[in-house]
Amino acid sequence: MGRPPMPIGTYGKIRCYQTSTGWRATTYFRDYDGKTRPVERLGKTKAAAERNLKKALTERAGPSGGALNADSRVKQAAELWFTAFQAAADSGTRSPGSAETYRGILDRHVLPGLGELLLREATVSRIDTFLGSVRDLVGVSTAKTARSVVSGVLGLAVRHGALDANPTRETSRLEGGRKKGPRALTLEERTRWLALMDSDERAVRKDVPDLSRFMMATGVRIGEALAVYWDDVDLEAGTVAVDFTVIRVKAAGLVRKSTKTEAGERTLPLPSWAVKVLARRRAATDYPEGPVFPDALGGLRDPSNTRRDLRDARGSDEFVWVTSHVFRKTAATILDEANLTARLIADQLGHSRPSMTQDVYLGRKAVDRRTAEALECAFGVPENGDEEAQESTSDGESSPAA
């Protein structure tokens, strides 16, 4: 029986020979195609030649050589994984916001906690202990994001042949107590909320009332609302194109980027009361080519700052639970109460689900007009402008949405 081959990514005994100009160090290295090849390096001294050879072998075996093995460290796999993710974000196939989030999770948690482990040492129990520590020290949400990052890193190691399976998949579920059900604003709460916002001078100055109306009329995310430009609004047709979102990218500032998925790019019909709100804003704007909801200088508005403005406006009493996402839940609840299908509601919100069949075989760009018709009654009184609707208002006053 012949001698068994060296493990892939390893080398044999180093031999050194003196030459006319110095020293030559040589050995055999088993490459990742299974072939064993001679590798040599020169140096002025024997020690220098051996150091140069060992450096070359390390580079050949490590990530910089384009591959990982079981003895590579987790931090090496992590950098390879993140480099690929960042390239995808730069090309537009991944979100720049996700890249920034993952980089932070890597630097603050994953690399300090697992980075020095060899890949073969990244066992289910070690990863489970690490994720449990993050959950206990920081929180379930951060631990879940860390789990996604670790899974991505070790998934790359599997693809490189350094691991047979991804151990992250066998770790315990991360749970943080009973989940609260989604809460939306009722009709009475919607009316009181807008009355409160309209009477608050600071909230009006920060555009909270109209932004609230727009988000309840469409169900869009706050970043999507702030990314809408006047060119995206067709007042005559009563529609708004939602193709972008606003995020803050490190070293680049606020960026208007395309939505994460094709399903997120959609044209939404607007209830008539929302068209009136936008028409009023369009007539009064100093920035007709800019965002519908701009910052003080007419540029893109920071979603984080806008959420803070919302928190300041809601106070600490009745509406302390209201966040920007509540308006999205409110729109969805109104549509559900109008007995619209889950597919129509998913289209309105920009979700690719609930059905793969519907996603793949139905062409969906403009959402059904019935969503706007359902949202007409968001504040109890249709705002369709006809005499019959006006006569149905007992006190003759318009809805608080206008």
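Note that the structure is a prediction, hence the values are computed from the model and not measured.

(A) Local environment of unusual backbone geometry. Its identity is not glycine, yet D207 carries a phi of approximately 70 degrees, on the positive side. Residue position: D207 is located in the loop between α7 (201–205) and α8 (208–218). Taking the relative accessible area as the measure of exposure, D207 reaches 15% and is therefore buried. The backbone phi angle of N339 is positive, close to 65 degrees, even though this residue is not glycine. Residue position: N339 is located in the loop between α12 (324–337) and α13 (342–349).

(B) Geometry of empty space enclosed by the protein. Using the criterion set out here, one finds two cavities of 30 Å³ or more in the structure. Space inside the largest cavity adds up to approximately 60 Å³. The wall of the largest cavity is formed by V208, L211, S212, M215, I222, T306, L310, S324 and F327. Residue assignment for the lining of the largest cavity shows that the elements contributing at least two residues are α8, α11 (303–314) and α12. The biggest single contributor to the lining of the largest cavity is α8, with four residues. For the lining of the largest cavity, the residue count by class is six nonpolar, three polar and no charged.

(C) Spotlight on the sheet that holds strand β2 (residues 23–30). Spatially, the three strands line up as an open sheet ordered β1-β2-β3, and their pairing is antiparallel. Among the strands making up the open sheet, the edge pair consists of β1 (15–18) and β3 (36–43). Taken pair by pair, the neighbouring strands of this sheet meet at an average axis angle of 25 degrees, ignoring direction. Relative to β2, β1 runs antiparallel, the two being bridged by four bridges. Its bridge partner being in β2, Y17 is matched across the sheet by R24.

(D) Highlighting helix α4 (residues 124–137). For α4, built from 14 residues, the straight-helix expectation of 20 Å at 1.5 Å per residue is met to within 8% by its first-to-last C-alpha distance of 20 Å. Of all the residues in α4, the buried ones are I127, F130, L131, G132 and V134. Where α4 is buried, its residues touch α3 (96–114) and α5 (140–159). Following α4 by one or two positions, G139 adopts a phi angle in the positive range, close to 150 degrees.

(E) Layout of helix α10 (residues 272–284). The end-to-end C-alpha distance of α10 is 19 Å, a good match for the 18 Å that 13 residues give at a rise of 1.5 Å each. Among the residues making up α10, those that are buried are S272, W273, A274, V275, V277, L278 and R281. Looking at the packing, one finds that the buried side of α10 touches α8, β4 (233–234) and α15 (370–375).

(F) Seen up close, the pairing of strand β5 (residues 239–242). A two-sided burial pattern is seen for β5, the buried positions comprising T239 and A241 on one face and V240 and V242 on the other. In this structure, β4 lies alongside β5, joined through two bridges in antiparallel fashion. Its bridge partner lying in β5, D234 is registered against T239. In textbook terms, the turn of a hairpin is the stretch between consecutive antiparallel strands, and for β4 and β5 this stretch comprises four residues, one of which, G238, has a positive phi near 70 degrees.

Cut-offs applied
Residues numbered from 1 in each chain as written. Predicted model: local features only at pLDDT ≥ 70, side-chain atom pairs only at ≥ 80, totals over all residues. Heavy atoms only, no water. Helix = DSSP H or I, 4+ residues; strand = E, 2+ residues; numbered from the N terminus. Buried < 20%, exposed > 50% of the residue type's maximum accessible area, 1.4 Å probe, protein only. 1 Å grid on protein atoms, 1.4 Å probe; cavity = no way out; pocket = protein on both sides within 12 Å on 5 of 7 lines; lining within 4 Å. Points joined across faces, edges and corners; volume = space filled by probe spheres on them. Nonpolar A, V, L, I, M, F, W, Y, C, P; charged D, E, K, R; others polar. Pairing = 2+ DSSP bridges. Axes fitted to C-alpha atoms, helices over the stretch in contact; angles between N-to-C directions. Expected span 1.5 Å × (residues − 1). Contact = heavy atoms within 4.5 Å.

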